[in-house]
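# Analysis of the macromolecular model
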Amino acid sequence: MDSRRKLRAIIIDDEKLSRDVLCNYLEEYCPEVEIAGTEPSIKSAFRLIKRLSPDLIFLDIEMGDGKGFDLLSMFDRIDFKIIFVTAYSEYAVKAFRFSAVDYLLKPVKIDELREAVAKIMDSGRERSEPENLKALVSNLKGGPAKNPTLVIPNIKGFVVLKIPEIILCQADGYCTNFFLTGSRKIISSKNLKHFLDLLSDHNFIRIHHSYIINLDHVTAYNRQGEIELSEGLTAHLSDSYKGEFVNRFARK
């Protein structure tokens, strides 16, 4: 995608008011976007995308004739960017964050729209990524407490992980180091707090300003404040987090 030209976009939503509002916002606040068309159904959207080859689509998930994912599954190759527009509940929004996909919540806020468009302009990649879309579908089906995968953004793109594989997350400036089963290590371009917000419902806790651990991988703890983990890893327990750590094991 050439960031020097306008993004040709299609809006796909079965609600006319939603389409009209998004069109108005884009025309007024996102001059870098050219609206090539709008469609109210999956079938008509498929035909328009094939005909116009847009750079970007704004896609509602719940459509009158199916789900937005049904539209995506009709393409052998997804060579356009996608921003999902959804009225989904809080748990499903977390699934979007787990899957590292771009989304907007209805009613759409202007600042969030501008931020999402700017991110697309800056991304430089020429096509959407099928693996994070697959992860999103899986996470949405899993429900609020069963997100099976986490998409880790990095400088090359992203990596899809199974959450139980994660042993330890370590802050490294504005980045995060992931230590995984099989003695693997992955570096993410997101900071530690980003992942703490996502993983706190999955038996992960903060034990230090620089560490988040998976309690399922704890093998021992000593009075010197060292926590022993799977794969021979260790992490220091800060005094300010000691009470929560001890209480979590006391409840087991």
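First, a word on what this report is: a plain description of the structure on this page. (Residues numbered from 1 in each chain as written. Predicted model: local features only at pLDDT ≥ 70, side-chain atom pairs only at ≥ 80, totals over all residues. Heavy atoms only, no water.)

## With respect to the nonpolar core
Formed by 23 residues in total, the largest nonpolar core has its most connected members in Ile12, Ile57, Leu72, Ile82 and Phe84. Of all the elements in the fold, those that place two or more residues in this core are β1 (7–12), α2 (42–52), β3 (56–60), α3 (68–72), β6 (81–86) and α6 (130–142). With five residues, α2 is the largest single contributor of residues to this core. Apart from residues no more than four positions distant in its own chain, Ile12 is found in contact with Glu39, Ser41, Ala45, Ile49, Ile57, Phe58, Leu59, Asp60, Met63 and Leu71. With 19 residues, the next largest nonpolar core counts Leu7, Ile11, Leu56 and Ile120 among its residues. (Core = buried A, V, L, I, M, F, W, Y, C linked by side-chain atoms within 4.5 Å. Buried < 20%, exposed > 50% of the residue type's maximum accessible area, 1.4 Å probe, protein only. Helix = DSSP H or I, 4+ residues; strand = E, 2+ residues; numbered from the N terminus. Contact = heavy atoms within 4.5 Å.)

## A few points about the sheet that holds strand β15 (residues 218–221)
The strand order across the open sheet built from three strands is β15-β16-β17, with neighbouring strands paired in antiparallel fashion. The open sheet has two free edges, formed respectively by β15 and β17 (234–236), since each of these has just one partner strand. The sheet shows a mean angle of 25° between the axes of neighbouring strands, direction not considered. The sheet contact formed by β15 and strand β16 (residues 226–229) spans three bridges and is antiparallel. Counterpart to Ala220 in the pairing with β16 is Glu228. (Pairing = 2+ DSSP bridges. Axes fitted to C-alpha atoms, helices over the stretch in contact; angles between N-to-C directions.)

## Remarks on the pairing of β6
In terms of burial, β6 is largely enclosed, as six of its six residues are buried. Of the two faces of β6, both are covered, the one formed by Lys81, Ile83 and Val85 as well as the one formed by Ile82, Phe84 and Thr86. Here three bridges tie β6 to strand β7 (residues 103–105), and the two strands are oriented parallel to one another. Paired with Val85 across the two strands is Leu104, which belongs to β7.

## Details of unusual backbone geometry
Backbone torsion omega between Lys106 and Pro107 reads -10°, so that peptide bond is classified as cis. Mapped onto the elements of the fold, Pro107 is located in the loop between β7 and α5 (110–123). Positive phi is not limited to glycine here, since Ser183 has a value of about 55°. Along the chain, the position of Ser183 falls in the loop between β11 (175–180) and β12 (184–188).

## Remarks on the packing of aromatic side chains
With the rule as written, the count across this model stands at six aromatic pairs. Pairing Phe46 with Phe75 gives two aromatic rings, centres 5.0 Å apart and planes at 55°, and the pair type is tilted. Taken together, the residues Phe46 in helix α2 and Phe75 in the loop between α3 and β6 connect sequence positions 29 residues apart. A residue is classified by how much of its surface remains accessible, and Phe75, at 12% relative accessible area, is buried. Grouped by ring-pair contacts, the aromatic residues Phe46, Phe75 and Phe80 constitute a single cluster. (Phe/Tyr/Trp six-rings, centres within 6.5 Å; stacked < 30°, edge-to-face > 60°.)

## Focus on α5
Within an α-helix, residues lying three or four positions from one another point in the same direction, as the helix has 3.6 residues per turn. The end-to-end C-alpha distance of α5 is 20 Å, a good match for the 20 Å that 14 residues give at a rise of 1.5 Å each. Buried within α5 are the following residues: Leu113, Ala116, Val117, Ile120 and Met121. Buried residues along α5 cover an arc of 140° about the axis, so they all sit on one side. Facing away from the buried side of α5 by over 90 degrees, the exposed positions are Asp111, Glu115 and Asp122. Lining the buried residues of α5 we find β1, α1 (16–29), β2 (33–39), β3, β6 and β7. (Expected span 1.5 Å × (residues − 1). Arc of directions from axis to C-beta.)

## A few points about the sheet that holds β11
Sheet architecture is open: five strands sit in the order β12-β11-β10-β14-β13, paired in antiparallel fashion. A strand with exactly one partner marks an edge of an open sheet, and here the two such strands are β12 and β13 (204–208). Put simply, the sheet's adjacent strands are angled 20° from each other on average, direction ignored. When strand β10 (residues 166–172) meets strand β14 (residues 211–214), the two strands line up antiparallel, connected through three bridges. Bridge pairing in β14 places Cys169 opposite Ile212.

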